[in-house]
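Fold and contact review
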Amino acid sequence: MASVLIDGIGSLVTNDPALGDGPLGLVEDAALVVEDGRVAWAGPRGRAPGHAEERFDAGGLAVVPGFVDSHAHLVFAGDRTEEFAARMTGRPYSAGGIRTTVAATREASDDTLRANLARLVAEALRSGTTTVECKSGYGLTVEDETRSLRLAAEATGEVTFLGAHVVPPEYAGDPDAYTDLVRGPMLDACAPHARWIDVFCDRGAFDGDQTRAVLTAGLERGLVPRVHAGQLGPGPGVRIAVELGAASADHLTHLTDDDVTALASGDTVATLLPGAEFSTRSPYPDARRLIDAGATVALAADCNPGSSYTTNIPFCVALAVREMRMTPAEAVWAATMGGAKALRRRDVGHLGPGAWADFVLLDAPSHVHLAYRPGVPLVRRVWRRGRLVAGGDRPVGPEASAARPARA
Ligand code: NIG
Ligand code: FE
C-alpha cells in the first residue's frame, strides 16, 4: 500500500503524550504519515517527512483516533421498540427483557443475524468506530451461543462469550443448573471461538457465586473475564472482576467506596456506558469519582436492542461530558485509548508510530466539538488500517488537493 501524508490537520489527537500536549498528545497544525496501514509518523506538519506518495489535505479540520467500542451486543434479531416506549411512560428496565430478544434470536437464520450484525458494524464505522467488541448472549443454548460467537468472529477479533447473560426460560426454576451448563458444556463448545468471557452480575441475572464460578471456568479455558457490574444495583460484580484480574468492569452505575478503591488500585478498566442510562432513564454513573480516585475509565456504546440501541460513540462522549462530569479531553481519551486498554490492545486507540492507521476526520476544528455540538454528524471521514472506509463521498476543503503527490 502506498504511503500517504495526511496534511493540514488543524488539531491532531494522538493519545501519545510523547508526541504532543497532555494525555491526548495534542498537536496543532499537524500531519500524519500512513504506511502499510500503520502510522509511520505523526507530529507538527512543518517537520513531516517529505517522501509520501500521496497527499490528503485535511483542510484545517481535527483528526482523532478511531473510536474503540469495547462493549457491544450485536448478534441478535428483532428489536424492543415497545419495551422502550413503555419505559418512557415510567416502566422500569429489568434484566428479563433480554428473554424477548433470546426468543427472536433463536428463531432467526444465520443470514438474518449476519445481516443485522453487518448493518450495525457499518453504522458504527460511519460514526467513527474502527474497533468493536461483540458479545454473544442472546442464544443461551450450546448451539445458539456457539453460532453467535462464530458470527461475531466474522465481524471482529474481539469476541466475548456471554452465555451468563440471563437465565433462559427453560431453566427458570433452576438457575444453578443453567450456570452449570454455561461453565461446562457451553463453555467447552464456545471457548475456541472467543477471547473474552463476560457475566451479567446483577439483580435478575447472576449472583456473586454464579459469576465467580462462570468466570473461573472461563479463565481455566484461557478466556479473560470482563463483567457487567452495578448496572441495576450495587453488588459483588466489581469486587469479583478485580479479584479475578478482569480486563474491564462495565456499567458501574451503582458503586460502593470499596468498589471505587478496588478499581483505582487494580488493572481492571472501569467502562461506562451512558447510552444505557439514557435509554433506561436511569441516573448516570459518576465518572468524576472514578477518575479522581485514579481508575482508568473507558466509554463504550453498549449497543443492544434493550438498554442502549445506539452505536454512536460521539453521542456517548457528549453524554459523558454533560452528565458524568468528564471533561471533553477525558471523554475522547476514554472512547479511544480507554477502550483500547479495556481490550488490552496497544495497536489501536492512539496514533503513535506503529499503531494501526485508524482515524477520524471531524467536521470541526477540535475534538471538543464532539461534546460541544451534540447530535451533529461531525464524523466526516473514517480511515481503518490506512484505508478510507467511510465518508469518501463528501468533499473536504479544497478537494482538488486531495490525493495528489506530496511533492507535485
Ligand atoms: O449491557 N445488562 C445486560 N446486558 C445489556 C442489556 C441487554 C438487553 O436488555 O437486551 C446491557 O445493558
Ligand atoms: Fe452490555
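Another aspect to go through is the overall build of the chain. Each helix and strand in the chain was counted, giving 13 helices and 16 strands. Taken against the 2.2 N^0.38 rule, which gives 22 Å for 408 residues, the C-alpha radius of gyration of the chain at 21 Å falls within 12% of a compact globule. Referenced to the eigenvectors of the C-alpha coordinate spread, the extents of the chain come out at roughly 75 × 45 × 45 Å. Across the chain, the fraction of contacts at a sequence separation of at least 24, relative to all contacts at a separation of at least 6, is 70%. Summed over all atoms, the accessible surface of the chain reaches about 15400 Å², with 51% contributed by carbon and sulfur. Counting 40 positive and 51 negative side-chain charges, the chain places the averaged centre of each group 4 Å from the other.

Another point: the coordination of the iron ion (ligand 2). The iron ion (ligand 2) binds to the protein through H71 (NE2), H73 (NE2), H228 (NE2) and D302 (OD), with metal-donor distances spanning 2.0 to 2.6 Å. For the iron ion (ligand 2), all donor residues lie on one chain, and their spacing in sequence is H-x1-H-x154-H-x73-D. Of this pair, H73 sits in the loop between β6 (67–69) and α1 (81–87) while D302 sits in the loop between β13 (297–299) and α11 (313–323), placing them 229 residues apart in sequence. Note on H73: relative accessible area 2%, which makes it buried. For D302, a relative accessible area of 1% corresponds to the buried category.

Because side chains alternate across strand β14 (residues 359–362), one face comprises the buried residues F359 and L361, and the other comprises V360 and L362, equally buried. Two strands pair when backbone bridges link them, and strand β5 (residues 62–65) and β14 are joined in this way by 3 bridges, in the antiparallel orientation. Within the sheet, the bridge partner assigned to V63 lies in β14 and is L361. Pairing of β14 with strand β15 (residues 379–384) involves 4 bridges; the strand directions are antiparallel. Looking at β15, one finds that L362 is bridged to V379.

Right, let's get into the domain arrangement of the chain. Segmenting the chain into domains produces domain 1 (4–66 + 350–400) and domain 2 (68–342). Domain 1 and domain 2 are separated by 30 Å when their C-alpha centres are compared. Contacts between domain 1 and domain 2 engage 19 residues on the former and 17 residues on the latter. Carbon and sulfur atoms make up 73% of the surface buried where domain 1 meets domain 2, a total of about 1500 Å² over both sides. When the buried surface of domain 1 facing domain 2 is broken down by residue, N15, G66 and L370 rank first, second and third, together holding 30% of it. Linking domain 1 with domain 2 are 2 residue pairs in polar contact (both at pLDDT 80 or more), by the criterion used here. Looking at the side of domain 1 that touches domain 2, the elements with two or more residues in it are α13 (369–372), β15 and β16 (387–390). Of all the elements, β15 adds the most residues to the side of domain 1 that touches domain 2, at 4 residues.

With that out of the way, let us pick up the packing of aromatic side chains. What the rule picks out here adds up to 7 aromatic pairs. Summarising the aromatic geometry, the rings of F76 and Y138 are spaced 6.1 Å apart at their centres and angled 70 degrees between planes, so their arrangement reads as edge-to-face. With F76 in the loop between β6 and α1 and Y138 in the loop between β7 (129–135) and α4 (142–155), this pair connects stretches of sequence that are 62 residues apart. A ring pair is formed by Y178 and F206, whose centres lie 6.3 Å apart and whose planes are at 35 degrees; its orientation type is tilted. Of the two residues, Y178 is situated in helix α5 (residues 175–190) and F206 in the loop between β9 (196–201) and α6 (208–220); the sequence distance between them amounts to 28 residues. F206 matches Y178 in its accessibility class, with the two residues each being buried. Members of the aromatic cluster, joined through ring pairs, are F56, F359 and W383. The side chain of R226 reaches across the aromatic face of W196, ending 4.5 Å from its centre.

Looking at the chain, the pLDDT average stands at 96 and 97% of residues meet or exceed 70. Low pLDDT, under 50, characterises residues 398–408; the stretch is placed with 18 contacts to residues that sit more than four places away or in other chains.

Let us look at the site of ligand 1. Of all residues adjacent to ligand 1, which total 15 residues, the nearest are Y93, Y138, H165, Q231 and S307. Measuring from an oxygen atom of ligand 1, one finds a side-chain N or O atom of Y93 at 2.4 Å. In the complex, 100% of the free accessible area of ligand 1, which totals 330 Å², lies under the protein chains. A breakdown of the residues in the shell around ligand 1 according to their chemical character gives 4 nonpolar, 9 polar and 2 charged.

This part covers the sheet that holds β7. The strand order across the open sheet formed by 8 strands is β6-β7-β8-β9-β10-β11-β12-β13, and the pairing between neighbours is parallel. Taken across any chain shown, the strands that pair with only one partner, and hence form the sheet edges, are β6 and β13. On average, adjacent strands in this sheet sit at an angle of 25 degrees to one another, irrespective of strand direction. Relative to strand β10 (residues 224–229), β9 runs parallel, the two being bridged by 6 bridges.

Here the focus is the packing of helix α3 (residues 110–126) against α4. Running from amino to carboxyl end, α3 crosses α4 at an angle of 40 degrees, the nearest separation of the two axes being 10 Å. One way to sum up the angle between α3 and α4 is to call them oblique. By crossing handedness, the relation of α3 to α4 is classed as right-handed. In contact with D110, L113, R114, L117 and V121 of α3, α4 contributes R147, L151, A152, E154 and A155. Among the residues making up the contact of α3 with α4, the classes are represented as 6 nonpolar, no polar and 4 charged.

Reading guide: rules and limits
- Residue numbers run consecutively from 1 along every chain, following the written order of its sequence.
- Each chain gets a letter, beginning with A, and each ligand a number, beginning with 1, in the order they are written.
- A pLDDT threshold of at least 70 governs which residues receive local features in this predicted model, and a stricter bar of 80 or more applies before side-chain atom pairs are shown or counted, although totals over entire chains, interfaces and linings include all residues.
- Side-chain metrics in this entry use all non-hydrogen atoms of the structure; hydrogen atoms and water are not considered.
- Helix numbers and strand numbers start at the N terminus; a helix is a DSSP run of H or I with at least 4 residues, a strand a run of E with at least 2.
- Based on C-alpha atoms, the radius of gyration is set beside the globule rule, defined as 2.2 Å times the residue count to the power 0.38.
- Two residues qualify as a contact provided that any one of their heavy atoms is within 4.5 Å of a heavy atom in the partner residue.
- For every accessible area listed, the method is Shrake-Rupley and the probe measures 1.4 Å; residues are considered covered only by the protein chains on display.
- When charges are counted, neither His nor the chain ends are considered; positive counts come from Lys and Arg and negative counts from Asp and Glu.
- Where a charge lies is defined by one atom per residue type: Lys uses NZ, Arg uses CZ, Asp uses CG and Glu uses CD.
- Metal-coordinating donors are taken as N, O and S atoms lying within 2.8 Å of the metal, or within 3.2 Å when the metal is Na, K or Ca; because water is left out, some sites can appear incomplete.
- To sort residues, take the accessible area from a 1.4 Å probe on protein chains only and compare it with the maximum for the residue type: under 20% means buried, over 50% means exposed, and anything in between is partly exposed.
- Two strands make a pair as long as DSSP finds a minimum of two bridges between them.
- Either an automatic procedure or a domain database provided the assignment from which the domain bounds are taken.
- Here the quantity called buried area is the total loss of accessible area, with a 1.4 Å probe, experienced by two parts when brought into contact, counted for both.
- Within 3.5 Å is the distance limit for a polar contact, defined as a pair of N or O atoms, with the added protein rule that one can donate a hydrogen and the other accept it, and that residues adjacent in sequence qualify only through two side-chain atoms.
- Each Phe, Tyr or Trp ring, with Trp reduced to its six-membered ring, pairs with another whose centre is within 6.5 Å; inter-plane angles below 30 degrees give stacked pairs, above 60 give edge-to-face pairs, and intermediate values give tilted ones.
- Think of it as a cone above the ring: NZ of Lys or CZ of Arg counts as a charge over the ring if it is within 6 Å of the ring centre and within 35 degrees of the ring normal.
- Along the chain, pLDDT gives the predictor's confidence residue by residue, from 0 to 100.
- Any residue with at least one heavy atom within 4 Å of a molecule or strand is counted as near it.
- Each residue is assigned to one class: nonpolar for Ala, Val, Leu, Ile, Met, Phe, Trp, Tyr, Cys and Pro, charged for Asp, Glu, Lys and Arg, and polar for all the others, Gly among them.
- Under this scheme, a helix contributes an axis fitted over its contacting stretch, all axes are lines through C-alpha atoms, and angles between N-to-C directions fall in the 0 to 180 degree range.
- When describing relative orientation, an angle under 35 degrees is termed roughly parallel and one over 145 degrees roughly antiparallel, while 65 to 115 degrees is termed roughly perpendicular and anything else oblique.
- If you view the pair so one helix is near and one far, a crossing is left-handed when the near helix is turned anticlockwise from the far one by less than a right angle, and right-handed when it is turned clockwise.

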